[in-house]
Amino acid sequence: MSTRDTLLRAALRLLEQDGESRFSTRAVCTAANVTAPTLYHHFGSADGLLSAALMEGFRQLLTRKKAVERSPDAESALRQGWDDYVRFAKDRPRLYAAMMARFLQGATIPAAEEAFAHLRLQIDALAAEGRLALKAPQAASLMWAAASAAALLHVTAALGATKQLPAPEPKVIKSIRDQAIASICKPRSENET
């Protein structure tokens, strides 16, 4: 493994353990067993390393989504992709929170843009099957919002953001997903007539 990859792996591990607010180049250097000049040689600055780590997080999310979505049925593929996105946030809440913070700050993140484009392809596949009940942009926005809301439930519970929100029950997450899909999809019986 290259020194750059070792640094990225250490940065991701520390982001997942401690979150962005406690992220430091000193901790990354210690975890990667390198000196600060080595880190700066590869990433230029602390923010350069943090940006690269967050981009790697988005790349891992996208890779995972693509690997999971194998169903030939457009609705099933959409459901699988949605589940995997939410599972990523549940499994890696601190990393997900840091990734979303950077995204919401307006950073250009190619993997995030590709993930949304992938969602649009799934929506277009539903439209091609004659199953789309909304216009494609609205359907994509609804699915993105539903997945983000479910992910945020996991993140706020995992990070203890509020005592009033315990970890969401699986049936709550499933209900968010199913209601979003029911809102954008025509029932199969309408399509088959």
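Refer to the structure printed above.
Residue numbers here run from 1 along each chain, matching the order of that chain's written sequence. With pLDDT at 70 or above as the cut-off, local features in this predicted model cover only qualifying residues; side-chain atom pairs require 80 or more to be listed or tallied, and sums for whole chains, interfaces and linings still use all residues. Only hydrogens and water are set aside; all other atoms, that is, all heavy atoms of the structure, feed into the side-chain values.

Re the nonpolar core
This is how it is decided: Residues belong to one nonpolar core when they are buried, are Ala, Val, Leu, Ile, Met, Phe, Trp, Tyr or Cys, and are joined through side-chain atoms within 4.5 Å. Only protein chains enter the area calculation, which uses a 1.4 Å probe; residues under 20% of their type maximum are buried, those over 50% are exposed, and those in between are partly exposed. Strands here mean DSSP runs of E at least two residues long; helices mean DSSP runs of H or I at least four residues long; both are numbered from the N terminus. Contacts are assigned to residue pairs with any non-hydrogen atoms lying within 4.5 Å of each other.
Ranked by internal contacts, the top residues of the largest apolar core, which has 56 residues, are V28, I123, M143 and I184. In terms of residues, this core owes the most to one element, helix α8 (residues 136-158), which gives nine residues. Residue contacts for I184: discarding those within four places in its chain leaves L78, I123, L126, R131, L132, A133, L134, A139, L142 and M143.

Brief notes about the packing of aromatic side chains
As a reminder, the rule being used: Side-chain rings of Phe, Tyr and Trp, where Trp is taken by its six-membered ring, are said to pair if the distance between their centres is within 6.5 Å; with planes under 30 degrees apart they count as stacked, over 60 as edge-to-face, and otherwise as tilted.
The full count for this structure, using the stated rule, is five aromatic pairs. Taking the centre distance of 6.3 Å and the plane angle of 50 degrees together, the rings of F58 and F103 count as tilted. In this pair, F58 is assigned in helix α4 (residues 46-68) and F103 in helix α6 (residues 93-104), connecting sequence segments 45 residues apart. For F58, a relative accessible area of 4% puts it in the buried group. Relative accessible area serves as the criterion here: at 29%, F103 is assigned to the partly exposed category. Both rings, one in Y85 and one in Y96, keep their centres 5.8 Å apart while their planes meet at 85 degrees; by these two values the pair is edge-to-face. With Y85 in helix α5 (residues 74-91) and Y96 in helix α6, this residue pair connects regions lying eleven residues apart in the sequence.

A few points about unusual backbone geometry
When glycine is set aside, most residues are seen to have a negative phi, and most peptide bonds are trans. Backbone geometry at N33 places phi at a positive 60 degrees, although glycine is not the residue there. Looking at the element boundaries, N33 is found in the loop between α2 (25-32) and α3 (36-43).

Some thoughts on the packing of helix α1 (residues 3-18) against α2
Spelled out, the test is: Lines fitted to the C-alpha atoms define the axes, with helices restricted to the stretch that makes contact. Angles between their N-to-C directions range from 0 to 180 degrees. In this scheme, roughly parallel covers angles under 35 degrees and roughly antiparallel covers those over 145, while 65 to 115 is roughly perpendicular and the rest are oblique. A crossing counts as left-handed when the near helix is turned anticlockwise from the far one by less than a right angle, and as right-handed when that turn is clockwise. Under the grouping applied here, Gly and all other residues not named as nonpolar or charged are polar, the nonpolar ones being Ala, Val, Leu, Ile, Met, Phe, Trp, Tyr, Cys and Pro and the charged ones Asp, Glu, Lys and Arg.
Across the interface, α1 lies against α2 with an axial gap of 9 Å and an inter-helix angle of 120 degrees. On the basis of the axis angle, α1 is oblique to α2. Our pair here, α1 against α2, has a crossing hand that is right-handed. On the side of α1, the interface is formed by T6, L7, A10, A11, R13 and L14, while α2 contributes A27, V28, A31 and A32. Its residues assigned to classes, the contact of α1 with α2 shows eight nonpolar, one polar and one charged.

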